[in-house]
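Coordinate inspection notes
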Amino acid sequence: MTGPRFGVNIDHVATIRNARGGAAPDPVRAALLAERAGADGITAHLREDRRHIGDADIEALMNALTVPLNFEMAATQEMQAIALRHRPHAVCIVPEKREERTTEGGLGVVQDEARLAEFITPLREAGCRVSMFIEADPEQIAASKRIGAPVIELHTGTFAEAHLSGDNDKRARELARLADGVRIGTEAGLEVHLGHGLDFETARMVSAIPDVAELNIGHFLIGEAVFIGLEEAMHRMRLAMNEGYARGRAKT
Ligand code: PXP
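Keep in mind it's a predicted model, so treat the numbers as computed, not measured.

Comments concerning the overall build of the protein chain
Regarding its fold elements, the protein chain presents 11 helices and 8 strands. Expected size for 252 residues packed as a compact globule is a radius of gyration near 18 Å; at 17 Å, the protein chain falls within 12% of this value. For the protein chain, the spread of C-alpha atoms along the three principal axes comes to 45 × 45 × 35 Å. Here the protein chain, with 252 residues, has 50% of them falling under the buried criterion. Sequence separation of 24 or more characterises 66% of the internal contacts of the protein chain that already satisfy a separation of 6 or more.

Here's the deal with the pattern of salt bridges
Applying the stated criterion across every chain yields a total of 17 salt bridges. Here glutamate 214 makes a salt bridge to arginine 5, at a shortest N to O gap of 3.0 Å. On the criterion of sequence distance, the pair formed by glutamate 214 in strand S8 (residues 214-217) and arginine 5 in strand S1 (residues 5-9) is long-range, its members being 209 residues apart. Since its relative accessible area comes to 34%, arginine 5 is described here as partly exposed. Between glutamate 78 and arginine 50 there is a salt bridge, with the nearest N and O atoms lying 2.6 Å from each other. One end of the pair, glutamate 78, is in helix H4 (residues 77-86); the other, arginine 50, is in the loop between strand S2 (41-45) and helix H3 (55-64), and 28 residues separate them in sequence.

Quick notes on helix H9 (residues 200-207)
Residues separated by three or four positions in an α-helix point in the same direction, a consequence of the helix having 3.6 residues per turn. By the criterion of burial, H9 is predominantly enclosed, with 7 of the 8 residues buried. Within the sequence span of H9, burial applies to Phe200, Thr202, Ala203, Arg204, Met205, Val206 and Ser207. Of the surrounding elements, those touching the buried residues of H9 are helix H7 (157-165), helix H8 (168-187), strand S7 (191-195), S8, helix H10 (219-228) and helix H11 (230-251). N-cap assignment for H9: the residue whose side-chain oxygen lies 3.1 Å from the backbone N of glutamate 201 is aspartate 199.

Some thoughts on the pairing of S2
With 5 of 5 residues buried, S2 lies mostly within the body of the structure. The two faces of S2 match: Gly41, Thr43 and His45 on one face and Ile42 and Ala44 on the other face are all buried. Taken together, the 4 bridges between S2 and strand S3 (residues 69-73) define a ladder with parallel strand orientation. In the strand pairing of S3, histidine 45 is matched with glutamate 72. On the question of chirality, the crossover connecting S2 to the parallel S3 by way of H3 is right-handed.

Quick notes on the site of the ligand
The environment of the ligand is made up of 15 residues, and the closest members are Glu72, Glu153, Gly197, Gly218 and His219. Glycine 218 is positioned with one of its backbone polar atoms (N or O) 2.7 Å from an oxygen atom of the ligand. The contact in question runs from an oxygen atom of the ligand to an N or O atom on the backbone of histidine 219, over 2.8 Å. If the ligand stood free it would expose 400 Å²; the protein chains cover 96% of that surface. When grouped by side-chain class, the residues that make up the shell around the ligand number 4 nonpolar, 8 polar and 3 charged.

Observations regarding the sheet that holds strand S6 (residues 151-155)
The 8 strands are arranged S1-S2-S3-S4-S5-S6-S7-S8 in a closed barrel whose pairing can be described as parallel. Shown here is a sheet whose adjacent strand axes are inclined to one another by a mean of 25 degrees, direction ignored. Relative to the sheet, helix H5 (residues 113-125) contacts S3, strand S4 (90-93) and strand S5 (129-134), its axis offset from that of S5 by approximately 145 degrees.

Describing the packing of H7 against H8
Between H7 and H8, the shortest axis-to-axis distance is 8 Å and the interhelical angle comes to 160 degrees. Considered as vectors, H7 and H8 are oriented roughly antiparallel to each other. Where H7 crosses over H8, the two elements pack in a sense that is left-handed. Touching Thr158, Phe159, Ala162 and His163 of H7 are Lys170, Arg171, Glu174, Leu175, Arg177 and Leu178, all from H8. Broken down by class, the residue content of the contact of H7 with H8 amounts to 4 nonpolar, 2 polar and 4 charged.

Points about the packing of aromatic side chains
In this structure the tally under the stated criterion is 1 aromatic pair. Judged by centre distance (4.9 Å) and plane angle (85 degrees), the rings of phenylalanine 200 and phenylalanine 220 are edge-to-face. Of this pair, phenylalanine 200 sits in helix H9 while phenylalanine 220 sits in helix H10; the two residues are 20 residues apart in sequence, bridging distant segments of the chain.

About the cut-offs
- Residues numbered from 1 in each chain as written.
- Predicted model: local features only at pLDDT ≥ 70, side-chain atom pairs only at ≥ 80, totals over all residues.
- Heavy atoms only, no water.
- Helix = DSSP H or I, 4+ residues; strand = E, 2+ residues; numbered from the N terminus.
- Rg over C-alpha atoms; globule rule 2.2 N^0.38 Å.
- Buried < 20%, exposed > 50% of the residue type's maximum accessible area, 1.4 Å probe, protein only.
- Contact = heavy atoms within 4.5 Å.
- Salt bridge = Lys/Arg side-chain N within 4 Å of Asp/Glu carboxyl O.
- Polar contact = N/O pair within 3.5 Å; in protein donor to acceptor, adjacent residues only side chain to side chain.
- Pairing = 2+ DSSP bridges.
- Right-handed = clockwise from strand over helix to strand, strands pointing away.
- Near = heavy atom within 4 Å.
- Areas by Shrake-Rupley, 256 points an atom, 1.4 Å probe, with all protein chains shown as cover.
- Nonpolar A, V, L, I, M, F, W, Y, C, P; charged D, E, K, R; others polar.
- Axes fitted to C-alpha atoms, helices over the stretch in contact; angles between N-to-C directions.
- Parallel < 35°, antiparallel > 145°, perpendicular 65-115°, else oblique.
- Left-handed = near helix turned anticlockwise from the far one by under 90°.
- Phe/Tyr/Trp six-rings, centres within 6.5 Å; stacked < 30°, edge-to-face > 60°.

So, in structure tokens, the structure goes:
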């Protein structure tokens with residue numbers, strides 16, 4: 001296995017566009033640039049309130065991209081119908097609260113198991129690779145496996161926040177929790193992705209965890225692009241991921 005795939009989340013290009021209500025900057029242009037710069041996939045979250053990505057963006061991304069689209073969505077009938085219409089390569093089911101600034105915490109698959117099992121069935125039947133965005137919690141991982149999701153994405157937000165706050169003990173605990181989650185998921189036969197709040201340093205650290213199949217990174221990357229350009233930000237992120245991966249290999 002090589003290092004994790006690099007999924008680029010372009011939501012916040014749309015956030016900037018929507019701040020002025022016009023057409024620029026175009027998230028599809030950013031996605032195509034990311035594709036040329038070596039992204040392995042593009043992620044876009046169509047939220048219920050359409051605060052960043054809109055329906056037309058999803059349509060345009062489906063038409064324009066040659067790398068896979070990872071369509072992030074809440075488990076609602078409206079989003080299921082949109083996903084079934086477009087049939088993106090991957091669908092990542094995320095919890096969504098209208099009042100939140102960004103996705104807070106993972107899905108409660110254990111708490112909503114029967115409904116989620118039923119909810120993802122047509123998506124799987126339509127050929128989408130369904131992933132559940134969950135905390136690195138063995139119970140949530142087991143429930144995701146039981147409902148038939150082939151992929152889980154573990155929430156790296158608490159780990160990333162611990163890093164930013166300088167709480168190194170908490171950061172080490174959270175990194176160990178993520179590593180356990182990746183191991184448990186992989187042993188259960190699931191493909192394991194990681195995402196949320198990652199920057200160069202935290203992406204380097206999680207890339208050292210064996211068997212991580214994909215990282216999905218958005219906010220930091222788009223912010224960094226303001227200073228050094230998206231291509232260079234992606235280049236530095238890929239280097240960080242490769243370094244972390246090589247360090248992880250050297251340890252095992
Ligand atoms: N993965 C999932 C499931 C997410 O919901 C998000 C945020 O939309 C990300 C990854 C990317 O997080 P960030 O924008 O903080 O890098």
